[in-house]
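Each chain, letter by letter, is given below.
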Amino acid sequence: MDLFSNLALGFGVALSLKNLALCFVGCFIGTLIGVLPGVGPIATIAMLLPITFGIDPVGALIMLAGIYYGAQYGGSTTAILVNIPGEATSVVTTLDGHQMAKQGRAGVALGISAIGSFIAGSVATVLIAALGAPLTKLALLFGPAEYFSLMVMGLCFAVVLARGSILKAIAMIMLGLLLSTIGTDLETGQERMTFGFAPLSDGLDFAVLAMGIFGFAEVIKNLENPETRDVVRQKVGRLLPNREEMRQSAGPIARGTVLGSILGILPGNGAVLGPFASYTLEKKLAKDPSRFGRGAIEGVAGPESANNAGAQTSFIPLLTLGIPPNAVMALMVGAMTIHGVIPGPQVMTKNPQLFWGMIASMWIGNLMLLIINLPLIGLWVKLLKVPYRLMFPAILLFCCIGIYSINNSPVDVAMTAFFGLFGYALVKFGFEPAPLLLGYVLGKLLEEKMRQALIISRGSFMTFVERPISAGLLLVALVILVVALLPSISKKRDVVFTENS
Amino acid sequence: MGKFRIASPQDFAGGLFLIAIGLGAYWASSNLGMGTLRAMGPGMLPKSLAVIVAGLGALLLLTSFRVEGPELERWSIRGLFFVLLGSCLFALTIRGSDITGTPERVASAMLIASVIFLAALFVATRMGIATDGHAVRAGMLAAYVAAVFVIYHVAPVIDLSFPAIGLIAAGPLVAIVSAFASPETKWGEVIIFATFMTALCAGLFKYALGLPIPLAPWLLGY
Amino acid sequence: MTTLTRRAALGAAAIAASLALSNGAQAQAYPNKPITMMVAFAAGGPTDVIARIVSEHMSKTLGQQIIIENVAGAGGTTTTARVAAAAPDGYTLIMGQMGTHAAAPALYPNLRYNPVTDFTPIGVAGITPIVIVTKKDFPANNLREFVAYVKANPDKVNQAHAGVGSTAFTTCVLLKAQMGVPKLNAVAYRGTGPALNDLVGGQVDFMCDQVTNLTPQIIAGNIKAMGIATPARIAVLPNVPTTAEGGLPDYQISGWNAIFGPKGLPADIQAKLVDALDKALEDPTTNKRLADLGTVIPNKTERAPAGLAAILARDLALLDKPLRETGAVGQ
């Protein structure tokens, strides 16, 4: 079969000593980058581009791809250890991952995340190799209307994410949507809610918001109750999940992989939805959903697998079509063009070595991530033993430098401090920050796609129900909402009464 | 309902918070055209969302009278203040800043007012003056806002620019200032640790990653 | 306390010493420290790619590292304004482009710089032709049919662009003005990638953009090229007729990238930078890299500071009226 000869070609390229070394370097740097708050794959790939000038295109792209999925993976490490999501995709991991760390199960959480990511990455790689070209068509089926409906579905997931009051969760989603409208309007170029403040004209950066309401607010919150914090940090449990935990995670990993792979292919950063969708699914399937948000291992295994699967499959539109689905992939386009490879449908036939070499290197990269990260778990967990009085100034320092380096903008650091205050207020008023972040991430796309769809349909809302995929997605959204809302409203009532009796 | 009583103070405050944000956002987007549902203007979504947020806030406010809920938690002013002060100082000094625009002036006025305010608070606690109780807190908040207002208007007279001290100095600055946030801080330890972490960060971010972050413009020229 | 004061005194001494040092260093030949080249757009975009390719060779000639600093915001105008206000010491440059320098004055009424008087031109780094493309099942196969169809069905056709102020936006505004359908339905996307995705997917009908992104899709037959807005056909797309051949001879526009310094740059520093850019563009490897992007390397007179000033003046005049008439307004 063609696939096998192609894969043989790919592994022939990827397994050369030089490319193996580059893949390792990429994954290693990526992991470190991911662990540093703020410094995302975009800044790193941009900075390391000139270094790759001396390397041949295949090697350079293998290394840059390694940085990308390494960083995607590393972002979860901070989410688990210090409750700072490094990437939009690791917001969900904070929910149960950090709770597990607080219970002394940081090692288990990190371990299952590494193992789940590896399995998901391997499956997604096979998927790209076998079905890359036909799957590209899926990306093209998604016009603005379908995308809008997908985002609506995503927002319904956010309702399910909530632990406490549904009313407060919806309020947070709406607040997130509201924050996402800050900045220059895409259609008209008018500035919205920027108060004439130039740094706001491109909107709020995700990292600024996430670092503020998660990172800074968490530090401030931890400072006020030293007792609970230190007790937590004395216990360092097992470093790897045991058989029972593996058994619990098998299903979530499989389901997360499927969800993440499909959503990753979609243009416009569909991969972001993967972890949220997976978490929602696991919470709904669980016998005892109340465990979620209190350190349920399924809540880490599923989303982490979805995250990594999506990171891999988001290469499909880039490799087969030459159209980048998100900002990191756009940078990869830049990297390819700098190396004289013009990304497009021709890459597969014109540069089979590059195409199949990269795919083979993805699997190798995933293996390397596992090899790099399993020993590191011990180190990360030991870091938790650093007394908090030293840990928090270090976290703040890293955050400040990281945020500064996103845009080389000091204002971003000050804005993060502001959102730290904002996030602290949210905590004090009993709001959950996770739905807010999801609302924020989806908000920009939601508005953009809705307005695009309406311009194309000349203002007819029927476009959302006339197109079959869009209608299907809206139906799923409705079902999720009904299923999520009905029992939790009645349950919420019960909880309220039992707590006060 | 009978007697007027707030059953859930946390939700009550949360409701007020949302209403304030909603109203603020509506005001901030008042200059934007709504358009029509068929041809949406830039203001359509921000304004509708602002109304929805305020509406949900009102709903939360209403339920807080009926449904029992937790008390409002105390705010830890010390942690909040030094953590934010540390990072703001980093922002102001890493590349230096001239205070020209309105937002920068408001921010620096708030910064200065906060320092004065905290000094006053410290003195008051030492002298045994009670800083607890709602009335005192409300008074303090009012005094703070007034101070910001006064400094903002005096600010053009004072030069509020900050020098560019680069990572070498701004790094320890953020670590040491934020260390004030914890009562457990041991100063010798913090200073050594801050120096070490800064050196590590300089090596990592500046040299290993090659990020264009100013290291020490006054010493090295970059 | 005494140790503290002593420390402070030492610190002050160190600062004073370093100030003296840096003043001394200033007198040395330019450049004696890394040069920052600002890119007002995200890393990986067309402007960024060209900046990185060109600066890599320029830094060899200058003997100093050139650091690319990407600060995106407000269609690139924030960063451009920052460079306009920077010290004219040759250590802060910008890789400007058509949007930030030729289109911005018409789009941003509160622009904080004048693209002509606030900058010292260094030279043009690359000119990228513009091509008009449609989705693959669009009912027109050449530019004449295209214009006729669009004029006959203005309420059916959707044009895609990559956001207000982008090259795709600006060049299409000019096209629509010259076709006589300025109010044609335009769909805004966040960047060329998503816009191209929907064009290939057939969700929108046509767009105009630099050949760089479009060539592979045209060759693969995923989209159709109607015409290229250059005087002659180009090497990477030999089968695509020019706009003159297609009956729109006035539609002549290209995207360009050029290096600028702040105004008042000393002549000797300007000369050094012009020379470094010349050497970079004449270098075969750099030249090939740029050519692979579909970028045309301007000849020596075109790319010289005077040539850059001429291109800038021409495009400012060309774009001003059509852009103002769109009513798209930034701040």
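What counts as what
Residues numbered from 1 in each chain as written. Chains lettered and ligands numbered in written order. Predicted model: local features only at pLDDT ≥ 70, side-chain atom pairs only at ≥ 80, totals over all residues. Heavy atoms only, no water. Contact = heavy atoms within 4.5 Å. Buried area = accessible area lost by both parts, 1.4 Å probe. Salt bridge = Lys/Arg side-chain N within 4 Å of Asp/Glu carboxyl O. Polar contact = N/O pair within 3.5 Å; in protein donor to acceptor, adjacent residues only side chain to side chain. Helix = DSSP H or I, 4+ residues; strand = E, 2+ residues; numbered from the N terminus. Nonpolar A, V, L, I, M, F, W, Y, C, P; charged D, E, K, R; others polar. Patch = residues over 30% accessible without salt bridge, like charges linked within 9 Å, V, L, I, M, F, W, Y side chains within 5 Å. Areas by Shrake-Rupley, 256 points an atom, 1.4 Å probe, with all protein chains shown as cover. Domains from an automatic or database assignment. Disulfide = S-S within 2.5 Å. Buried < 20%, exposed > 50% of the residue type's maximum accessible area, 1.4 Å probe, protein only. Axes fitted to C-alpha atoms, helices over the stretch in contact; angles between N-to-C directions. Left-handed = near helix turned anticlockwise from the far one by under 90°. Parallel < 35°, antiparallel > 145°, perpendicular 65-115°, else oblique. Pairing = 2+ DSSP bridges. Core = buried A, V, L, I, M, F, W, Y, C linked by side-chain atoms within 4.5 Å.

This paragraph deals with the interface of chain A and chain B. Chain A puts 68 residues into the contact, and the matching count from chain B is 73 residues. Across the chain A/chain B interface, buried area totals approximately 6200 Å², and carbon plus sulfur atoms make up 79% of it. Along the contact surface separating chain A from chain B lie 3 salt bridges. For the salt bridge of Asp11(B) with Lys168(A), the shortest nitrogen-to-oxygen distance reads 2.7 Å. For the pair chain A and chain B, the interface holds 5 residue pairs in polar contact (both at pLDDT 80 or more). No other element matches helix 18 (residues 388-407) of chain A, which puts 12 residues into the side of chain A that touches chain B. Here the side of chain A that touches chain B is built from residues that sort into 46 nonpolar, 10 polar and 12 charged.

Turning to a nonpolar patch on the surface, a few remarks are in order. A cluster of nonpolar side chains, namely Leu475(A), Leu478(A), Val479(A), Val482(A), Val483(A) and Leu486(A), defines an oily patch on the protein surface of about 560 Å² accessible area. Within the secondary structure, Leu475(A) is located in helix 22 (residues 468-500).

Next up on the list: the domain arrangement of chain C. All names here are of chain C. Each assigned domain of chain C is listed with its residue range as follows: domain 1 (34-128 + 256-326) and domain 2 (129-228). With 18 residues of domain 1 in contact, the opposing surface of domain 2 contributes 15 residues. Between domain 1 and domain 2 the total buried area reaches about 1300 Å² when both faces are included, carbon and sulfur atoms providing 70% of it. For the pair domain 1 and domain 2, the interface holds 1 residue pair in polar contact (both at pLDDT 80 or more). Elements supplying a minimum of two residues to the side of domain 1 that touches domain 2: helix 4 (98-107), strand 4 (119-135) and helix 12 (305-326). The biggest single contributor to the side of domain 1 that touches domain 2 is helix 12, with 6 residues.

With that settled, the discussion passes to the state of the cysteines. For the coordinates displayed, the defined rule picks out 1 disulfide over all chains. Paired through a disulfide, Cys172(C) and Cys208(C) show a sulfur-sulfur distance of 2.3 Å. Handedness of the Cys172(C)-Cys208(C) disulfide follows from its S-S torsion of about 70°: it is right-handed. One end of the pair, Cys172(C), is in helix 6 (residues 167-179); the other, Cys208(C), is in strand 7 (residues 206-210), and 36 residues separate them in sequence. The pair formed by Cys172(C) and Cys208(C) is uniform in burial state, with each residue classed as buried. For Cys399(A), which is in no disulfide, the shortest distance to another cysteine sulfur is to Cys400(A) and amounts to 7.0 Å.

When two helices pack together, their arrangement is captured by the angle between the axes and the distance separating the axes. Residues and elements named next belong to chain A. Here helix 12 (residues 273-285) crosses helix 13 (residues 298-313) at 145°, and the two axes come no closer than 8 Å. Judged by the sense of rotation from one axis to the other, the crossing of helix 12 with helix 13 is right-handed. Taking contact as the criterion, the partners of Gly 274, Pro 275, Ser 278, Tyr 279 and Glu 282 in helix 12 are, on helix 13, Glu 298, Gly 299, Gly 302, Pro 303, Ala 306 and Asn 307. Tallied by class, the residues present in the contact of helix 12 with helix 13 amount to 4 nonpolar, 5 polar and 2 charged.

With that settled, consider the packing of helix 9 (residues 206-224) of chain A against helix 18 of chain A. Residue and element names in this part refer to chain A. The contact between helix 9 and helix 18 brings their axes to 11 Å, and the two run at 165°. Compared by their axis directions, helix 9 and helix 18 come out roughly antiparallel. Once helix 9 is placed against helix 18, the crossing between them reads as left-handed. Touching Ala 207, Val 208, Met 211, Phe 216, Glu 218, Val 219, Asn 222 and Leu 223 of helix 9 are Tyr 388, Phe 392, Ile 395, Leu 396, Cys 399, Ile 403 and Ile 406, all from helix 18. Here the residues of the contact of helix 9 with helix 18 sort into 13 nonpolar, 1 polar and 1 charged.

Tracing the backbone shows Arg192(A) in strand 2 (residues 191-192). On the accessibility criterion, Arg192(A) (3% relative accessible area) is buried. Excluding anything up to four places from it in sequence, Arg192(A) contacts Thr181(A), Ile182(A), Gly183(A), Asp185(A), Glu447(A), Arg451(A), Leu32(B), Pro42(B) and Pro46(B).

Residues and elements named next belong to chain C. The buried fraction of strand 9 (residues 254-262) is high, at 9 of 9 residues. Relative to strand 9, strand 4 is paired through 9 bridges, and the arrangement is antiparallel. Pairing of Thr 128 across the sheet is with Gly 255, part of strand 9.

Another point: the nonpolar core. Counting residues in each nonpolar core, the largest one holds 246 residues, and the members touching the most others are Leu150(A), Phe315(A), Met332(A), Phe90(B) and Val54(C). Here this core gets 16 residues from one element, more than from any other, and that element is helix 17 (residues 352-383) of chain A. When sequence neighbours within four positions are dropped, the list of residues in contact with Val54(C) reads Ala125(C), Ile259(C), Leu277(C), Ala280(C), Leu281(C) and Leu290(C). Of all hydrophobic cores here, the second largest spans 51 residues; its members include Ala102(C), Leu175(C), Leu248(C) and Trp256(C).

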